[in-house]
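Residues per chain, in single letters:
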Amino acid sequence: MKEYKMRRGEYLEERIPDMEASVEDYFGPITDTEEFKGSDLFVIGEPDNPVFEKVVAGTVEYSGKKDKLAVEFYERDPTELGPDELEAAADAVDAKNDFLLEATGRDAKSRRDSLKRSVEDDPDHDVDA
């Protein structure tokens, strides 16, 4: 499960006031919920795009800190996809990136840079020579 933070000064509930509706718009009908760090996330068991096997997305609430977006995309093995389903791969990438951009206000490059910084700042990732 990946967690994404918002840009400085922005809040997830302001960017996406209705998380349930947004998740359904991007990925399909919600079939279940799943608990993650004390918050219920939405599960799309049969996403509209055939490239996705399952999508889990929602808001992780932290007391005293800004909420974060949590998302896990379960994708089918590309070797199992038929020609029509392979054409849907570009749409799947667009859906992921558009959803994450709307939620976080960060494009793919900014999200990658932010993840790199958080790993560099994490003392658990330091390697002693």
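As annotated in an unreviewed UniProt entry, the protein chain carries the name DUF5611 domain-containing protein and comes from Natronorubrum daqingense.

S.K.: Requested: an account of the environment of Glu75, with residues and values cited.
M.R.: Relative to the helices and strands, Glu75 is located in strand 5 (residues 68–75). Overall, the relative accessible area of 40% leaves Glu75 in the partly exposed class. For the pair Glu75 and Val55, spaced 20 residues apart in sequence, the C-alpha separation works out to 8.5 Å. Dropping the residues within four chain positions of it, Glu75 is found in contact with Val51, Phe52, Glu53 and Lys96. A polar contact of 2.6 Å, which involves the side chain of Glu75, links it to the side chain of Lys96.

S.K.: Quick rundown of unusual backbone geometry? Include the residues and the values.
M.R.: Non-glycine residue Lys37 carries a positive phi angle of around 50 degrees. Tracing the backbone shows Lys37 in the loop between strand 2 (32–36) and strand 3 (39–44).

S.K.: Hey, could you go over helix 2 (residues 19–27) for me, with residue numbers and the actual values?
M.R.: Within helix 2, burial applies to Met19, Ser22, Val23 and Phe27. Burial along helix 2 is one-sided: seen end-on, the buried residues are contained in an arc of 100 degrees. Buried residues along helix 2 sit in contact with helix 1 (12–15), strand 3, strand 4 (52–60), strand 5 and helix 3 (83–104). A positive phi of about 125 degrees marks Gly28, the residue just after helix 2.

S.K.: Any chance you could break down the sheet that holds strand 3 for me, citing the residues and the numbers?
M.R.: Within the open sheet, the five strands sit side by side as 1-5-4-3-2. Their pairing is antiparallel. Of all the strands in the sheet, the pair left with one neighbour each is strand 1 (2–4) and strand 2. Sheet twist, expressed as the mean angle between neighbouring strand axes with direction ignored, is 25 degrees. Pairing geometry for strand 4 and strand 5, over eight bridges, is antiparallel. Note on strand 5: the bridge partner recorded for Val56 is Glu72. Those strands touched by helix 3 are strand 1, strand 4 and strand 5, and its axis lies near 175 degrees from that of strand 5.

So, how was this worked out
- Per chain, the residues get numbers from 1 upward, laid out in the order the sequence is written.
- In keeping with the model being predicted, local features are shown solely for residues with a pLDDT of at least 70 and side-chain atom pairs are shown and tallied solely at 80 or more, while totals for entire chains, interfaces and linings include all residues.
- No hydrogens and no water enter the side-chain calculation; it runs on all heavy atoms of the structure.
- Helical segments are the DSSP runs of H or I of at least four residues, strand segments are the runs of E of at least two, and each set is numbered from the N terminus.
- Exposure classes here rest on a 1.4 Å probe applied to the protein chains alone. A residue is buried below 20% of its type maximum, exposed above 50%, and partly exposed in between.
- Note on contacts: a residue pair qualifies if any of its non-hydrogen atoms lie within 4.5 Å across the two residues.
- Within 3.5 Å is the distance limit for a polar contact, defined as a pair of N or O atoms, with the added protein rule that one can donate a hydrogen and the other accept it, and that residues adjacent in sequence qualify only through two side-chain atoms.
- Of all possible arcs, the one meant is that of the directions from the helix axis to the C-beta atoms.
- One bridge is not enough; two strands pair if DSSP finds at least two bridges between them.
- In this analysis, axes come from line fits to C-alpha atoms, helices being fitted only over the stretch in contact, and the angle between any two N-to-C directions falls in the range 0 to 180 degrees.

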